[in-house]
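# Understanding the architecture of this molecule
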Amino acid sequence: MNFFIYDERLGINLPDLDQDWDDYSIEQQRAIVFQWERIRGSIPTRIFEIEQVINVKQACLNTEENFLLSCRLNSEIAELASVINDLQIWYRVGQDVTPNRQHG
């Protein structure tokens with residue numbers, strides 16, 4: 001049974017639990033927590049990767065003279081910053097894997 005689903009936007013698997021936490025067996029809970037901790041441990045690396053992309057886009061933005069391209073770069077940077085923020089929130093979830101958490 002798979003308790004996680006890949007989130008394309010964040011680039012990680014997120015909990016996809018279809019019942020209350022207490023309805024899972026102890027073995028299932030342990031498996032979920034173990035898998036979540038592995039995923040959670042990869043979040044700082046994912047954030048670092050996104051920060052590198054932001055740095056490149058900011059360097060481009062600093063020299064871009066075309067207003068429309070500048071706007072697009074700014075928008076892309078803002079979206080990437082939003083992804084980092086969401087990843088930081090998920091990182092703080094820790095072992096409290098939240099059932100039925102909406103993600104998108």
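Residues numbered from 1 in each chain as written. Predicted model: local features only at pLDDT ≥ 70, side-chain atom pairs only at ≥ 80, totals over all residues. Heavy atoms only, no water.

## Regarding the pairing of strand E2 (residues 12–15)
- In the sheet, strand E1 (residues 4–7) pairs with E2 via four bridges, with the strands oriented antiparallel. Paired with Asp7 across the two strands is Ile12, which belongs to E2.
- The antiparallel hairpin formed by E1 and E2 contains four residues in its connecting segment, where Gly11 sits at a positive phi of about 75°. (Pairing = 2+ DSSP bridges. Helix = DSSP H or I, 4+ residues; strand = E, 2+ residues; numbered from the N terminus.)

## Overview of the packing of helix H1 (residues 26–63) against helix H2 (residues 67–92)
- Relative to each other, H1 and H2 sit at 160°, their axes nearing to 9 Å. As far as their axial angle goes, H2 and H1 are roughly antiparallel. Remark: the crossing between H1 and H2 carries left-handed chirality.
- Here the contact of H1 with H2 is built from residues that sort into 18 nonpolar, four polar and five charged. (Axes fitted to C-alpha atoms, helices over the stretch in contact; angles between N-to-C directions. Parallel < 35°, antiparallel > 145°, perpendicular 65-115°, else oblique. Left-handed = near helix turned anticlockwise from the far one by under 90°. Nonpolar A, V, L, I, M, F, W, Y, C, P; charged D, E, K, R; others polar.)

## Focus: H1
- The terminal C-alpha atoms of H1, which comprises 38 residues, lie 56 Å apart, in line with the 56 Å expected from a rise of 1.5 Å per residue.
- Helix geometry: H1 is bent most strongly at Ile43, by close to 30°, with proline Pro44 lying one to four residues after it.
- Within H1 the residues assigned to the buried category are Gln29, Ile32, Val33, Trp36, Ile39, Arg40, Ile43, Ile47, Ile50 and Ile54.
- For H1, the secondary structure elements touched by its buried residues are E1, E2 and H2. (Expected span 1.5 Å × (residues − 1). Bend = angle between axes of the 7 residues up to and from the residue. Buried < 20%, exposed > 50% of the residue type's maximum accessible area, 1.4 Å probe, protein only. Contact = heavy atoms within 4.5 Å.)

## Looking at the environment of Gly41
- Summarising the element assignment, Gly41 is placed in helix H1.
- Once the C-alpha coordinates of Gly41 and Tyr91 are considered, the two residues, 50 residues apart in sequence, prove to be 8.1 Å apart.

## Quick look at the side chain of Arg40
- By secondary structure assignment, the location of Arg40 is in helix H1.
- One polar contact links Arg40 to Glu37, side chain to side chain, over a distance of 3.3 Å. (Polar contact = N/O pair within 3.5 Å; in protein donor to acceptor, adjacent residues only side chain to side chain.)

## Here's the deal with the packing of aromatic side chains
- The tally for this structure, following the rule as stated, stands at four aromatic pairs.
- Taking the centre distance of 5.5 Å and the plane angle of 85° together, the rings of Phe3 and Tyr24 count as edge-to-face. One end of the pair, Phe3, is in the segment before E1; the other, Tyr24, is in the loop between E2 and H1, and 21 residues separate them in sequence. Accessibility classification places Phe3 together with Tyr24 in one group, the buried group. (Phe/Tyr/Trp six-rings, centres within 6.5 Å; stacked < 30°, edge-to-face > 60°.)

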